[in-house]
Amino acid sequence: MTRTAVLGAGALGLTVAYRLAQRGESVVVLEREPIPGGLAAGFQPEPGIWLEKFYHHLFRGDRHAIGLIDEVGLGEDLVWRRPLTATLRDGRVHQLDSPMSLLRFRPLPMRDRLRMGAALAYLKALPNPELLEGRTATDWIRRRMGRRAYDVVWGPLLGGKFGALAEEIAMPWFWARVHDRTPELGYLRGGFQRLYDRLAERIAGAGGELRFGTEVRGVRTSPIGGVLVDTVAETVQVDRVVSTLAVRLTCRLVPELPADYRARHDWGQAYGAQCLVLSLDRPLTDTYWMNINDPGFPFMALVEHTNYMDRADYNGRNLVYLGNYRPMDDPIMSASTDAVVDGFAPHLARINPGFSRDWITDAWAFAAPFAQPIVTVDYRDHIPPFETPIPNLWVASMFQVYPHDRGQNYSIDLANRLVRRLSR
Ligand SMILES: Cc1cc2nc3c(=O)[nH]c(=O)nc-3n(C[C@H](O)[C@H](O)[C@H](O)COP(=O)(O)OP(=O)(O)OC[C@H]3O[C@@H](n4cnc5c(N)ncnc54)[C@H](O)[C@@H]3O)c2cc1C
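The model shown is predicted, which means the values in this text are computed figures rather than measured ones.

Caption draft 1: Structural detail: the overall build of the chain. Each helix and strand in the chain was counted, giving twelve helices and 20 strands. C-alpha extents for the chain along the principal axes are approximately 70 × 50 × 40 Å. Here the chain holds 424 residues, and 44% of them are scored as buried. The long-range share in the chain, meaning contacts at least 24 apart out of those at least 6 apart in sequence, stands at 71%.

Structure below.
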């Protein structure tokens, strides 16, 4: 029987392992962290209550994620709601989540609102982004929506997500952002951690093995055939390895990968994600998602989770994320929770003038590397295939997602496709 080591227990690795275990194959999942879930994993604000470390929801079109949630028996707890999405601009919160709210969007003159609406309708209707290949989002947006719409709405968003590289982002990525989004958002009550715990249980139930707290340090071909995986504690001999880590991390772990493979695929940049989660004794806003488009804020998005899911699910807590994408060596990625609160809290009064620091009852800061691929115009040419030049080493990673923005749905889709490819 083929024995496969799956590196990483995020959405992708767990789905690969689950599918292989369903086929009666032998799997061992090796995960550095103590729990499954990867970037979508949760933490416990208090015992028995789970919340993602980074805000998460699904869109109506996320059929692979929705299908998997149903398949493992959690479909009844996937709830769909239409929470408010807004933009902070000129010190005011403006709803901006529908054609009607765009028509009322005061920071832009009516002519620009109409232009932006027409361009967004075009992107929604365009079935695929082939026509847009080779163009940057900034260039397209400025031409089609106008410079003001770029400066007021899209520039701050692209800058918040991609920093200095915002000008280089591929237009097909922006097409997908507009095309894929739905006003209704889905959330798994009790947290997406339940999905990942359930997958881990199913893998174990089918005879698979999961080793948490197990960092992989290297992968090499074995002189007796198959592949050797070196972890902090031991060397694991398997027939096949599937790495679900960022492609650049896989390249670091596998010195045998040839120079031409590295030249093409050990490529591109990624940002880390950084988030402060606050538990407050009262609501901060009436909005779920707020893009921070005014200058001078140390965070780019404010996501008030309990304006979407019920406070009662969280023992009455008001839970607010303040999020960022940053270069992985940015000092904020390793800052203490207290330091992040000190940096962020004074800015909350610019959003709600009544805010006072004593509303904060708990705070947690999280940071994760390789959380956001920087999808530049030439990104597509550097995406590796599943198969590598090393026999029995396969890569399936959220860094292969294109043109869609990475998300649980796309990792699950990649996992399903990889397993179909393996069994050919
Ligand atoms: C701020 C933020 C918000 C997001 N919002 C949403 C959202 O609303 N909806 C949505 O669907 N998606 C969202 N996502 C994206 C989603 O979290 C990811 O697309 C998805 O979780 C990726 O899963 P993955 O398994 O491909 O990768 P990962 O989750 O990155 O899994 C890789 C795993 O490999 C492990 N690993 C790394 N190195 C090693 C090593 N050397 N040895 C062993 N293990 C290792 C990691 O610990 C990790 O568990 C968001 C992400 C972020 C950062």
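Having seen it, we continue.
Caption draft 2: Structural view of the packing of helix 4 (residues 110-125) against helix 7 (residues 171-180). One can describe the packing of helix 4 onto helix 7 by two numbers: an axis separation of 8 Å at closest approach and a directional angle of 90°. Considering their axes alone, helix 4 and helix 7 lie roughly perpendicular with respect to each other. Contacts between helix 4 and helix 7 involve Leu-120, Leu-123 and Lys-124 on the former and, on the latter, Trp-175, Val-178 and His-179. For the contact of helix 4 with helix 7, the class distribution of residues is four nonpolar, one polar and one charged.

Caption draft 3: Molecular detail of the environment of Gln-95. Mapped onto the elements, Gln-95 comes out in strand 8 (residues 92-95). Taking the number of C-beta atoms within 10 Å as the measure of exposure, Gln-95 has 17 and is therefore partly exposed. Distance from Gln-95 to Leu-84, taken between C-alpha atoms, is 7.1 Å for residues eleven residues apart in sequence. In contact with Gln-95, other than residues within four places in its own chain, are Leu-84, Ala-86 and Ser-101.

Caption draft 4: Examining the nonpolar core more closely. With 123 residues, the main nonpolar core has Val-16, Ala-17, Ile-203 and Val-241 as its most contacted residues. Of all the elements, helix 1 (residues 11-22) adds the most residues to this core, at eight residues.

Caption draft 5: Fine view of the site of the ligand. Around the ligand lies a shell of 34 residues, among which Gly-8, Gly-10, Gly-38, Leu-39 and Gly-407 are the nearest. Elements supplying a minimum of two residues to the shell around the ligand: helix 1, strand 19 (360-373) and helix 12 (408-422). Here the residues of the shell around the ligand sort into 17 nonpolar, twelve polar and five charged. Both domain 1 (3-56 + 192-268 + 377-422) and domain 3 (270-373) contribute no fewer than three residues apiece to the shell around the ligand.

Caption draft 6: Quick look at helix 2 (residues 63-71). Along helix 2, the residues classified as buried are His-64, Ala-65, Leu-68 and Ile-69. For helix 2, the angular spread of buried residues about the axis comes to 135°, placing them on one side. In this fold, the buried residues of helix 2 make contact with helix 1, strand 5 (58-59), strand 6 (78-81), strand 9 (185-188), helix 8 (193-205) and helix 12. At the C-terminal side of helix 2, Gly-73 shows a positive phi close to 85°.

Caption draft 7: Up close: the pairing of strand 8. Sheet analysis places strand 7 (residues 85-89) next to strand 8, joined by four bridges and oriented antiparallel. Residue pairing across strands places Leu-88 opposite Val-93, the latter belonging to strand 8. Turn length for the strand 7-strand 8 hairpin, with the two strands adjacent in sequence and antiparallel, is two residues, and the turn residue Asp-90 shows positive phi of about 55°.

Caption draft 8: How the structure looks around the sheet that holds strand 12 (residues 227-231). As summarised here, the arrangement of the three strands in space is 11-12-13, forming an open sheet in which the pairing is antiparallel. Looking at the sheet topology across the chains shown, the edges are occupied by strand 11 (216-221) and strand 13 (235-238). Direction aside, the axes of adjacent strands within the sheet are offset by 20° on average. In this sheet, strand 13 lies alongside strand 12 in antiparallel orientation, the contact comprising four bridges. Looking at strand 13, one finds that Val-229 is bridged to Val-236.

Caption draft 9: Highlighting the pairing of strand 7. Of all five residues in strand 7, four are buried, a share of seventy percent or more. Across four bridges, strand 7 lies against strand 16 (residues 289-292) in parallel orientation. Each bridged residue has a counterpart across the sheet, and for Leu-88 the counterpart in strand 16 is Ile-292.

Caption draft 10: Quick peek at the domain arrangement of the chain. Domains assigned within the chain are domain 1 (3-56 + 192-268 + 377-422), domain 2 (98-175) and domain 3 (270-373). Each of domain 1 and domain 3 was reduced to a C-alpha centroid, and the two centroids are 29 Å apart. Counting residues at the interface gives 14 residues for domain 1, matched by 19 residues for domain 3. Mapped by element, the contributors of at least two residues to the side of domain 1 that touches domain 3 are strand 3 (42-46) and strand 4 (49-52).

Caption draft 11: Expanded view of the sheet that holds strand 16. Pairing is mixed across the open sheet formed by seven strands, whose spatial order is 8-7-16-17-18-15-19. Only two strands of the sheet have a single partner each, and these edge strands are strand 8 and strand 19. Strand-to-strand twist across the sheet, computed as the mean angle between neighbouring axes with direction ignored, equals 20°. The sheet strands contacting helix 11 (residues 337-348) are strand 15 (270-280), strand 18 (318-326) and strand 19, and the helix crosses strand 19 at an angle near 95°.

Each value, and the rule that gives it
- Residues numbered from 1 in each chain as written.
- Predicted model: local features only at pLDDT ≥ 70, side-chain atom pairs only at ≥ 80, totals over all residues.
- Helix = DSSP H or I, 4+ residues; strand = E, 2+ residues; numbered from the N terminus.
- Buried ≥ 20, exposed ≤ 12 C-beta atoms within 10 Å, placed from the backbone.
- Contact = placed C-beta atoms within 7 Å.
- Axes fitted to C-alpha atoms, helices over the stretch in contact; angles between N-to-C directions.
- Parallel < 35°, antiparallel > 145°, perpendicular 65-115°, else oblique.
- Nonpolar A, V, L, I, M, F, W, Y, C, P; charged D, E, K, R; others polar.
- Core = buried A, V, L, I, M, F, W, Y, C linked by C-beta atoms within 7 Å.
- Near = placed C-beta within 6 Å.
- Domains from an automatic or database assignment.
- Arc of directions from axis to C-beta.
- Pairing = 2+ DSSP bridges.

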